[in-house]
Amino acid sequence: SMWRFMLRHVFNSLSYEKQDRGQNACVQGLKQEVIGRVQTFVQQYVALHLDRKELFRSTGRAYLQIAREEPHLFRIFVLHERENISSLDELYRSEADPTVAVSIAEDLQISLAQARQLHLNMLIYTMGLGAVFSVTRPGISIEEIFIQQEIAYEAFLKQIAAMPTC
């Protein structure tokens, strides 16, 4: 579609610096508009692909499906600059829905701190796995990606279970 064509070309030009201040401001405005539209698309896509019975798992899978179906949009979503982030905790607070950690804690019967840590681990892992998935051609199968995601989830869950509860 024309939208995808435009986004691909904007994404490819995001790293170019313009000498003219007016042109740079225009490019910055365009970047922010594209990032905002991509974030809206991703939120809507994830919402459409959620399984309420497996909210956590289905959310992670939805992100990986975006990486497969819309790799350029996924890269914009993951790789755009995030201002005022100087720790993983700040990244988590800016990117994650706080109700997800509550849901994880309830579903897995773990503490909220453990749920946040598991969510952060899976957020980082899934975004990295999605980035790899979005740049490989002809492409890794979605089944292999989901299996790898599940292996990571089990390993992180085991690690979380060993954490002292506060």
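I'd like a description of the overall build of the protein chain, backed by residues and values.
On a plain count of helices and strands, the protein chain comes out with eight helices and zero strands. Put simply, of all contacts in the protein chain between residues at least 6 apart along the chain, 64% involve residues at least 24 apart. Accessible surface computed for the protein chain: about 10500 Å², of which carbon and sulfur atoms make up 55%.

Describe the packing of helix 6 (residues 98-108) against helix 7 (residues 112-135), and please don't skip the residues or the numbers.
The relative placement of two packed helices is expressed as an angle between their axes plus a distance between the axes. For the pair helix 6 and helix 7, the least separation of the axes is 8 Å and the interaxial angle reads 115 degrees. Classed by the angle they form, the pair helix 6 and helix 7 counts as roughly perpendicular. Seen along the crossing, helix 6 lies across helix 7 with a hand that is right-handed. From helix 6, Val100, Ala101, Val102, Ile104, Ala105 and Leu108 reach across to helix 7, where they touch Leu112, Ala115, Arg116, Leu118 and His119. Of the residues belonging to the contact of helix 6 with helix 7, the class tally is nine nonpolar, one polar and one charged.

Mind laying out unusual backbone geometry, listing which residues take part and the relevant values?
The linkage connecting Arg137 with the following residue, Pro138, adopts the cis geometry, with an omega of 5 degrees. Tracing the chain through its elements places Pro138 in the loop between helix 7 and helix 8 (142-161). One non-glycine residue with positive phi stands out, namely Gln109, at about 55 degrees. Here Gln109 lies in the loop between helix 6 and helix 7. A relative accessible area of 73% means that Gln109 is categorised as exposed.

An account of the environment of Thr136 is needed here, citing residue identities and associated values.
For Thr136, the location among the structural elements is in the loop between helix 7 and helix 8. When the C-alpha positions of Thr136 and Arg68 are compared, they lie 9.6 Å apart, and in sequence the two are 68 residues distant. Reaching out from Thr136, the side chain makes a polar contact with the backbone oxygen of Phe133 at a distance of 3.3 Å.

Residues and numbers for the packing of aromatic side chains, please.
Summed over the entire model, instances satisfying the criterion amount to four aromatic pairs. Ring centres of Phe41 and Tyr45 lie 6.0 Å apart, and the angle between their planes is 45 degrees; this geometry places the pair in the tilted category. Highlighted residues: Phe41 and Tyr45, both in helix 2 (residues 21-48), separated by four residues, approximately one helical turn. We classify Tyr45 as buried; its relative accessible area is 9%. With a centroid separation of 6.1 Å and an interplanar angle of 75 degrees, the aromatic rings of Tyr125 and Phe156 are classed as edge-to-face. With Tyr125 in helix 7 and Phe156 in helix 8, the pair connects residues that are 31 residues apart, well separated along the chain. Over the aromatic face of Tyr153 sits the side chain of Arg57, whose NZ or CZ is 5.4 Å from the ring centroid. Here the basic side chain of Arg61 rests over the ring of Phe146, its NZ or CZ set 4.2 Å away from the ring centre.

The rules we used
- Residues numbered from 1 in each chain as written.
- Predicted model: local features only at pLDDT ≥ 70, side-chain atom pairs only at ≥ 80, totals over all residues.
- Heavy atoms only, no water.
- Helix = DSSP H or I, 4+ residues; strand = E, 2+ residues; numbered from the N terminus.
- Contact = heavy atoms within 4.5 Å.
- Areas by Shrake-Rupley, 256 points an atom, 1.4 Å probe, with all protein chains shown as cover.
- Axes fitted to C-alpha atoms, helices over the stretch in contact; angles between N-to-C directions.
- Parallel < 35°, antiparallel > 145°, perpendicular 65-115°, else oblique.
- Left-handed = near helix turned anticlockwise from the far one by under 90°.
- Nonpolar A, V, L, I, M, F, W, Y, C, P; charged D, E, K, R; others polar.
- Buried < 20%, exposed > 50% of the residue type's maximum accessible area, 1.4 Å probe, protein only.
- Polar contact = N/O pair within 3.5 Å; in protein donor to acceptor, adjacent residues only side chain to side chain.
- Phe/Tyr/Trp six-rings, centres within 6.5 Å; stacked < 30°, edge-to-face > 60°.
- Lys NZ or Arg CZ within 6 Å of the ring centre and 35° of its normal.

Treat this as a map of the structure, not an account of what it does.
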